[in-house]
Amino acid sequence: MKYFSKFRCSYLLIMGLTLFFSQPGIGSAQDIYTNKLGMRFVLVPAGSFIMGSPETEQGRAWNETQHKVIISKDFYLGETEVTQGQWKKLASPNPSSFKLGDTYPVDSISWNEAMQFISFLNKLEGTNRYRLPTEAEWEYACRAGSTTAFAKGPVTTFSCNEPEPALVDTAWYCYTSGLQGPARDFKPHPVKTRKPNRWGLYDMHGNVQEWVLDACRWRNIWKAKVGVITDTYTDNIVDPLEKKGAHRIIRGGGWYQTAKYQRSAYRSYYKPIAKRNSLGLRIVRMK
C-alpha cells in the first residue's frame, strides 16, 4: 500500500505538470519558433472568440460591434514587436525617431515598409510563411482568452495621472512611459520589459501601435460617422480579412496614449504610406 501511494503521488505530479505546460502561453519549447534573426514566435492555438466590445465598456467606439470570430488554424505570432536591432539586420537605415538601442521597438514604419521588411524576411528563409497578422488574429492573441477591456482586467480610468490596475505592470502607456518616472519622459521602451499576457506575448497593449494586414474605409457618409469601417464584423465569420479600402488598420495603443486607446477592441487607421513615431509592427509566421 505504501508503494502504491508513492506511485500514485508521482503519477499525479507528472500529469499535473504535463497539463500545466500544455497550456497556451506556458513556455514549453514546442510552443516557440525561433528564426534566423533570433526572432521568437509564440504558438497561438486555433479557436473562437467574441471580437469587439460590449456596449457597457468605457471608451467604446461605435465600430466595435461584438461578433463571434473563428480562427481556424494555429499560427505563430511575434513574442514582441519587431525591434530596431532586428530591423537593421535586414533593412537599412534604421527609420526610428527614437534611436535608443537594439532592444527598442522599431518605429516610424509605414505599412508599405512593413510589407517590404516581411518580404526580405521571407526571402532570407526561403519561405512565404511570414506576414502581418489580420485584425482578428491580432485581437484574438491580445485577448488571450480574456473578455475584459484589457487582457488582465477592466478599464477603470483614462487619466495619465493615476495607474490603470490592468495596465500598470503590462503596458508602456502614458502613465508608465511618461508620468510614473522619470516624469514627462515620454518615449517607447525596450520590448519584453513589462509582463506578458497569458499566452506569453509582450506589449500587446502599449509601447508602439502595430500595423495589421486588413484594409479599411474610414467614412460612412450615410451615418455621418468616421472610423475604421470594414465588412468583417459579422457573426460566425471564419478567418476574416478585409481587402477593400485605401487605408490600413492599426491595433494596440501607443506609449503616449491613455488607457482608452490600449483596449483590446480599439481600432484605428492610417494611410499605408503614413509614418508615426509611435507606429511599428509585429509579425505572424504561418504554421
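With that settled, consider the packing of aromatic side chains. All told, the structure shown has twelve aromatic pairs when counted by the stated rule. Relative to Tyr76, the ring of Tyr33 lies with its centre 6.1 Å away and its plane at 50 degrees, an arrangement referred to as tilted. Residue Tyr33 is found in strand β1 (residues 32-34), and its partner Tyr76 is found in strand β5 (residues 75-78); the two are separated by 43 residues along the sequence. The partly exposed category is assigned to Tyr33, whose relative accessible area is 24%. With relative accessibility at 11%, the residue Tyr76 sits in the buried group. When the centroid spacing of 5.3 Å and the interplanar angle of 85 degrees are considered together, the rings of Phe98 and Trp255 count as edge-to-face. Of this pair, Phe98 sits in the loop between α2 (84-90) and α3 (111-125) while Trp255 sits in the loop between β10 (247-251) and β11 (268-270); the two residues are 157 residues apart in sequence, bridging distant segments of the chain.

Turning to the sheet that holds β5, a few remarks are in order. In spatial order, the strands read β1-β2-β5-β13-β6; together these five strands make up an open sheet with antiparallel pairing. At either end of the open sheet lies a strand with only one pairing partner, and these are β1 and β6 (130-131). Where β6 and strand β13 (residues 284-286) come together, two bridges link them in antiparallel fashion. Residue pairing across strands places Tyr130 opposite Arg285, the latter belonging to β13. In the packing of helix α4 (residues 135-143) onto the sheet, contacts are made with β2 (40-44), β5, β6 and β13, and the angle to β5 comes to roughly 75 degrees.

One pass over the full model with this rule turns up one disulfide. With its sulfur 2.0 Å from that of its partner, Cys160 forms a disulfide with Cys174. On the sign convention where negative means left-handed, the S-S torsion of about -100 degrees between Cys160 and Cys174 marks this disulfide as left-handed. Of this pair, Cys160 sits in the loop between α4 and α5 (174-179) while Cys174 is found in helix α5, placing the two residues 14 residues apart along the sequence.

Let's shift gears to empty space enclosed by the protein. Summed over the entire model, instances satisfying the criterion amount to three cavities of 30 Å³ or more. Taken as a whole, the largest cavity holds about 80 Å³ of empty space. Lining the largest cavity we find 13 residues, and of these Thr170, Lys195, Asn197, Met204 and His205 sit closest to its centre. For the lining of the largest cavity, the residue count by class is seven nonpolar, three polar and three charged. Roughly 60 Å³ of volume is contained in the second largest cavity. Considering only residue class, the lining of the second largest cavity consists of four nonpolar, three polar and three charged.

Moving on: unusual backbone geometry. The step from Ser92 to Pro93 runs through a cis peptide bond, and the omega angle for that step is -5 degrees. Turning to its location among the elements, Pro93 is positioned in the loop between α2 and α3. Non-glycine residue Ala144 carries a positive phi angle of around 50 degrees. With a phi close to 65 degrees, Lys192 is a non-glycine residue in the positive phi region. Here Lys192 lies in the loop between α5 and β7 (209-220).

This paragraph deals with the pattern of salt bridges. A complete count under the given rule lists 16 salt bridges for this structure. Linking Glu135 and Arg251 is a salt bridge whose minimum nitrogen-to-oxygen distance equals 3.1 Å. Placement of Glu135 in helix α4 and of Arg251 in strand β10 is noted, with a sequence separation of 116 residues between them. Residue Glu139 is joined to Arg251 by a salt bridge in which the shortest nitrogen-to-oxygen separation is 2.8 Å. Of the two residues, Glu139 sits in helix α4 while Arg251 sits in strand β10, which places them 112 residues apart along the sequence.

Now for the confidence of the model for the chain. Do not read the fine detail of predicted coordinates wherever pLDDT is low. Residues of the chain with pLDDT of at least 70 account for 86%, and the chain-wide mean is 89. Counting interchain partners and residues more than four positions distant, the pLDDT-below-50 stretch residues 1-30 has 14 contacts.

Thresholds, definitions, all that
Residues numbered from 1 in each chain as written. Predicted model: local features only at pLDDT ≥ 70, side-chain atom pairs only at ≥ 80, totals over all residues. Heavy atoms only, no water. Phe/Tyr/Trp six-rings, centres within 6.5 Å; stacked < 30°, edge-to-face > 60°. Helix = DSSP H or I, 4+ residues; strand = E, 2+ residues; numbered from the N terminus. Buried < 20%, exposed > 50% of the residue type's maximum accessible area, 1.4 Å probe, protein only. Pairing = 2+ DSSP bridges. Contact = heavy atoms within 4.5 Å. Axes fitted to C-alpha atoms, helices over the stretch in contact; angles between N-to-C directions. Disulfide = S-S within 2.5 Å. 1 Å grid on protein atoms, 1.4 Å probe; cavity = no way out; pocket = protein on both sides within 12 Å on 5 of 7 lines; lining within 4 Å. Points joined across faces, edges and corners; volume = space filled by probe spheres on them. Nonpolar A, V, L, I, M, F, W, Y, C, P; charged D, E, K, R; others polar. Salt bridge = Lys/Arg side-chain N within 4 Å of Asp/Glu carboxyl O. pLDDT = per-residue confidence, 0-100.

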